[in-house]
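# Structure at a glance
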Amino acid sequence: MPTLLASIALVVAVLALVVGFLTYLRVRPTAEGDLPADVLGLRKEVAALRKEAAGALRHLAVVRYDAFEEMGGRLSWSLALLDDGGDGVVLTSIRGRNEARTYAKSVTSWRSDQDLSPEETEAITHARP
């Protein structure tokens, strides 16, 4: 049994090394000669980078507030994490005297199918470019 576990661990370690090496080859710095020298080629490179970055969660905003009158210090918060199309998630943490609750609501095209609190709506508004 210990030999089987050791063999499995070795296979997993080798696979992790292969994946790491392939990732390094994909993202390693390129030589200057790898970039296009003409303007049209550079425009194509920029367009490809913009297309790739469009799905990244680049727009974010945090709104802090007091969820309950007896609590001070603005310990509750809503965080919007959205991509260029307004798709992503709003995370909310409501802090009470004895407990904290956390909620996640999906966002599509800057809107959510779920009811949003005013603070969540404000976070989405602030995250929008």
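Residues numbered from 1 in each chain as written. Predicted model: local features only at pLDDT ≥ 70, side-chain atom pairs only at ≥ 80, totals over all residues. Heavy atoms only, no water.

### Notes on the confidence of the model for the chain
Cut-off, in case you're wondering: Confidence of the predictor at the level of single residues is given by pLDDT, which spans 0 to 100. Each helix is a run of DSSP H or I of at least 4 residues and each strand a run of E of at least 2, with the numbering of both proceeding from the N terminus.
Looking at the chain, pLDDT values average 85 and 90% of them are 70 or higher. No element of the chain has a lower mean pLDDT than helix H1 (residues 2–27), at 74, and none a higher one than helix H3 (residues 118–127), at 96.

### What about the nonpolar core?
As a reminder, the rule being used: Buried residues of nine kinds, namely Ala, Val, Leu, Ile, Met, Phe, Trp, Tyr and Cys, make up a nonpolar core once their side-chain atoms join them within 4.5 Å. Relative accessibility under 20% of the residue-type maximum defines a buried residue, over 50% an exposed one, and the middle range a partly exposed one, all with a 1.4 Å probe and only protein chains included. In this description, contact between two residues means that some pair of their heavy atoms is separated by no more than 4.5 Å.
Listed in full, the 11 residues of the largest apolar core are Ala-61, Val-63, Tyr-65, Ala-80, Leu-82, Val-90, Val-107, Trp-110, Ala-123, Ile-124 and Ala-127. Of all elements in the fold, only strand E1 (59–65), strand E2 (76–82) and H3 reach the threshold of two or more residues within this core. Not counting the four nearest positions on each side in its chain, Ala-123 is found in contact with Ala-61, Val-63, Ser-78 and Ala-80.

### Considering the pairing of E1
Note the cut-off: If DSSP finds at least two bridges between two strands, the strands pair.
Of the two faces of E1, the one holding His-59, Ala-61, Val-63 and Tyr-65 is buried and the one holding Leu-60, Val-62 and Arg-64 is not buried anywhere. Pairing geometry for E1 and E2, over 7 bridges, is antiparallel. The residue bridging Arg-64 from the neighbouring strand is Trp-77, located in E2.

### Remarks on a nonpolar patch on the surface
As a reminder, the rule being used: Grouping into patches uses exposed residues only, defined as over 30% relative accessible area, and leaves out salt-bridged ones; the cut-off is 9 Å for like charges and 5 Å for nonpolar side chains (Val, Leu, Ile, Met, Phe, Trp, Tyr). Here the open area of atoms and residues is found with the Shrake-Rupley method and a 1.4 Å probe, where only the protein chains shown may cover a residue. What counts as a salt bridge is simple: a side-chain nitrogen of Lys or Arg found within 4 Å of a carboxyl oxygen of Asp or Glu.
A cluster of nonpolar side chains, Leu-10, Val-14, Val-18, Phe-21, Leu-22, Tyr-24 and Leu-25, forms an exposed patch at the surface whose accessible area comes to about 670 Å². For Val-14, the position within the fold is in helix H1. For Val-14, a relative accessible area of 43% puts it in the partly exposed group.

### Points about the side chain of Ser-112
So the rule is basically this: For this analysis, a polar contact is any N or O atom pair within 3.5 Å, provided that within protein one partner can donate a hydrogen and the other can accept it, and provided that sequence-adjacent residues contribute only side-chain to side-chain pairs.
Positionally, Ser-112 belongs in the loop between strand E4 (100–107) and H3. Since its relative accessible area comes to 18%, Ser-112 is described here as buried. For Ser-112, the side chain forms a polar contact with the main-chain oxygen of Ser-106, separated by 2.8 Å. Here the side chain of Ser-112 touches Gln-114 through a polar contact of 3.1 Å, landing on its backbone nitrogen. Once you skip the residues sitting within four places of it in the chain, Ser-112 turns out to touch Lys-105 and Ser-106.

### Re helix H2 (residues 39–53)
Going by this rule: Residue count minus one, scaled by 1.5 Å, sets the expected span of a helix.
With 15 residues, H2 should reach 21 Å at 1.5 Å per residue; the first-to-last C-alpha distance of 21 Å fits that figure. Across the 15 residues of H2, 1 count as buried, placing the element largely on the outside.

### Describing H3
For clarity, the threshold we go by: Note that the arc is defined by the directions from the helix axis to the C-beta atoms.
All of the buried residues along H3 are Glu-120, Ala-123, Ile-124 and Ala-127. When H3 is viewed along its axis, its buried side chains cluster within an angular range of 95° and face the same direction. Relative to its buried face, H3 has exposed residues pointing more than 90 degrees away, namely Pro-118, Thr-125 and His-126.

### What about unusual backbone geometry?
Even without a glycine there, the phi angle at Arg-74 is positive, about 50°. Structurally, Arg-74 can be placed in the loop between E1 and E2. The phi angle at Trp-110 is positive, at roughly 70°, despite the residue not being glycine.

### Remarks on the pattern of salt bridges
Under the counting rule described, the total for this entry stands at 3 salt bridges. A salt bridge links Lys-105 to Glu-120; its shortest N-O distance comes to 3.0 Å. Here Lys-105 is found in strand E4, whereas its partner Glu-120 is found in helix H3, with 15 residues between them in sequence. For the pair formed by Lys-105 and Glu-120, the shared burial category is buried.

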